[in-house]
Amino acid sequence: MASTSLESLDQLPVTVLCSIMAKLDISAIRSLAATCKTLNFCASLTLSFLPNFHLLDISPPMELIRPLLPPNPYLRSLKLDCSQLNDSATELLLRPSLHNLCLHNCADFSGKLLSEIGGRCKELRSLYLGSVAEKRGRAVHISDLEELLSGCNCLEALVLMFDVSLFLPHNCARVWALASERLTSLEIGYISSDTVTELLSPNIGLQSSNDIRPSVLPGIQKLALSVDYITDTMVGTISKGLISLTHLDLHDAPLIEPRVTIDLTNTGLQQINYHGKLKHLSLVRSQEFEMTYFKRVNDLGILLMADKCANMESICLGGFCRVTDTGFKTLLHACSKLYRLQVSNGSQLTNLVFHDIAATSLSLTHVCLRWCHLLTNLAIKKLVSNVDLKALDLRDCKNLGDEALQAISSLRKLKILKLNGSDVSDAGVAYLKHGIIVSLVSLSLRGCKRLTDKCIFALFDGSCKLVLQQLDLSNIPNLSDGGVLALAKSRVPISELRLRQCPLIGDTSIIALASMQVDDDRGHGSSLRLLDLYNCGGITQLAFRWLKKPYFPRLRWLGVTGSVNRFMVDALAKNRPFLHVACHGEELGTDQWDEWDDSFLHDYDEMDELERWLLEGESEDEEMEDAENLA
């Protein structure tokens, strides 16, 4: 039967097979290449005219990526994790035909990467560069940025996710003046507020008051910056200088409490949306380094800003500790088109904000109310009048309990639900079974101390087909192997499972997950791509045997406690070189997806055949066996 199938395949024209393979992604193409000589030949041919090459969840070294990127004049989009690459890869990666280039984790590249892009990729429309020159001994020079901006004169979107303040000179406006007139979107990983102000101020640096400097970045519509301090001066300069601005996203994490001259006040908020085109606003102060907040902004500032926010569609406010219900309520009533609301560290936000929300014309679809400790179940009962809610983030709202879950269960379109640290019980979680569990794609119950295995039995009894992909059950003291066994038996196609800090989770859970079948034709444990077992109390050497191939064939991220067995952890990392093994408690994931974006809600394609092809001929078990003997 197999021979007949192959003969039939050989009779198909190569052009037909290549046309079919061109519609697949890289992993699927290589999976087919491993099946027979005919498809192997077609795969090699397809790679020479494939328009898109996207490979972000593994980081192949130069010798493995080279055969995947043959000469291809039709390549338009390249997305790659460059963790194991350096400047020697620039000639291979940078193609004149590229319109979209996305290179993550470029720590071992120097600033030469920027200048080479400017010299080779003249047709680029979109560019993302992450962590450039972050490794010691690497550097970026201002001339590299100049060549990038002057060379890519078709650029429309630019993301530089690294610290550009290390190489920008005092007078940098002339450099950014080289940027494409088509540039409409700019995101920078870190830049000082003084540099932003200087860049966009029309008079700074001029020899004479009669001189007129052309506007820098005149076409910018979307601006996202992480800065040292969000200040009145910077906000005013941005608002007045960028006349086409529709999206403004500013984030800071001060090292010390800011003085009034380098802080945001009511005056700065009044300057927001100077030209009246703003649709999305995000102002967030992080407590990453110091417990600092926007202490100089109160309800008056919000009231002044609300007068210009009638057309606002998305608002994110973080760290506004002196804003009360009056300010937040004013925003909700002023912004009739608002569909996305995010408030974090709203220490004075209470139920009253949502008391009459049903009487407004709002149709919220995304709501985040994180660290809003005064909210109770009553607020959620009012909030669910927005029946089109798709994402609801209530992390660290400690006063929410079962009544809130009962109300949430009526939201039939909800896809993302985060309840970390809330006071819900097994009985409350059971409400989800009769409502939204069939629509949920992501569910987080991390730190809900009252939960036990019973919540797993309630949610995953196999009575309905679920689409859940992400599940976080971390830091639940009474969750045991029995709950994980019930989850494995349910055959839910989970791709990310977090069980960290669960003292009762042990080897039995790993064996159950390794033996888990999602459906009949995808094999054991096939759906898990991320598994976080950090500091689980019952993990021993036995579990590591089940983390080897062929189990968990699609696993890309694994969190374990390194001190359990250092030899086994090191051997596992070598045995599965494309598996990211974290053993110091760091959170797992690739750049922590933006979960407010529905684009991440997709089915993952298998990658095990690609990995098998890349590692063909290498020994897989010798080092694991040696480690077991040492242990």
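Residues numbered from 1 in each chain as written. Predicted model: local features only at pLDDT ≥ 70, side-chain atom pairs only at ≥ 80, totals over all residues. Heavy atoms only, no water.

- By the naming in an unreviewed UniProt entry, the chain goes by F-box/LRR-repeat protein 15-like leucin rich repeat domain-containing protein and is assigned to Rubroshorea leprosula.

## Let's talk about the pattern of salt bridges
Then comes step 1: Under the counting rule described, the total for this entry stands at 22 salt bridges.
Then comes step 2: Of the charged contacts, one joins E496 and R498 as a salt bridge, the two residues approaching to 3.0 Å between their closest N and O atoms. Across the pair, exposure class does not vary: E496 and R498 are buried alike.
Then comes step 3: R500 is the salt-bridge partner of E587, the closest N and O atoms lying 3.8 Å from each other. Within this pair, whereas E587 is found in the loop between β20 (580–582) and α23 (608–614), its partner R500 is found in the loop between β17 (496–498) and α20 (507–514), the two being separated by 87 residues in sequence. (Salt bridge = Lys/Arg side-chain N within 4 Å of Asp/Glu carboxyl O. Buried < 20%, exposed > 50% of the residue type's maximum accessible area, 1.4 Å probe, protein only. Helix = DSSP H or I, 4+ residues; strand = E, 2+ residues; numbered from the N terminus.)

## With respect to helix α11 (residues 232–241)
Then comes step 1: Across the 10 residues of α11, seven count as buried, placing the element largely inside the fold.
Then comes step 2: Where the residues of α11 are buried, they touch α10 (193–200), β7 (222–227), β8 (247–252) and α12 (266–270). (Contact = heavy atoms within 4.5 Å.)

## Some thoughts on the packing of helix α13 (residues 299–306) against helix α14 (residues 325–334)
Then comes step 1: One way to put it is that α13 packs onto α14 with a least axis distance of 8 Å and a crossing angle of 10 degrees. Taken together, the axes of α13 and α14 lie roughly parallel to each other. Contact residues: α13 offers D299, I302, L303, M305 and A306, while α14 offers T326, G327, T330, L331 and A334.
Then comes step 2: Here the contact of α13 with α14 is built from residues that sort into six nonpolar, three polar and one charged. (Axes fitted to C-alpha atoms, helices over the stretch in contact; angles between N-to-C directions. Parallel < 35°, antiparallel > 145°, perpendicular 65-115°, else oblique. Nonpolar A, V, L, I, M, F, W, Y, C, P; charged D, E, K, R; others polar.)

## Quick look at unusual backbone geometry
For residues that are not glycine, phi is negative in most cases, and the peptide bond is trans in most cases.
Then comes step 1: One non-glycine residue, N273, lies in the positive phi region at around 60 degrees.
Then comes step 2: You can see N273 is positioned in the loop between α12 and β9 (280–285).
Then comes step 3: Residue N273 is classed as buried on the basis of its relative accessible area of 8%.
Then comes step 4: Of note, D396 is a non-glycine position whose phi angle comes to about 65 degrees, a positive value.
Then comes step 5: When you line up the elements, D396 lands in the loop between β13 (391–393) and α16 (402–408).
Then comes step 6: Assessed through its relative accessible area of 18%, D396 is described here as buried.

## Quick notes on α14
Then comes step 1: D325, G327, F328, L331 and L332 are the residues of α14 that are buried.
Then comes step 2: Where α14 is buried, its residues contact α13, β10 (314–318) and β11 (340–344).

## Examining the environment of R545
Then comes step 1: Along the chain, R545 turns up in helix α21 (residues 541–545).
Then comes step 2: Spatially, the C-alpha atoms of R545 and I511 are 9.2 Å apart, while their sequence positions differ by 34 residues.

## Things to note about a nonpolar patch on the surface
Then comes step 1: Taken together, the side chains of V14, F41 and L45 make up a nonpolar region of the molecular surface, amounting to roughly 240 Å² of accessible area.
Then comes step 2: With respect to the element layout, L45 can be found in helix α4 (residues 37–46).
Then comes step 3: Judged by its relative accessible area of 35%, L45 is partly exposed. (Patch = residues over 30% accessible without salt bridge, like charges linked within 9 Å, V, L, I, M, F, W, Y side chains within 5 Å. Areas by Shrake-Rupley, 256 points an atom, 1.4 Å probe, with all protein chains shown as cover.)

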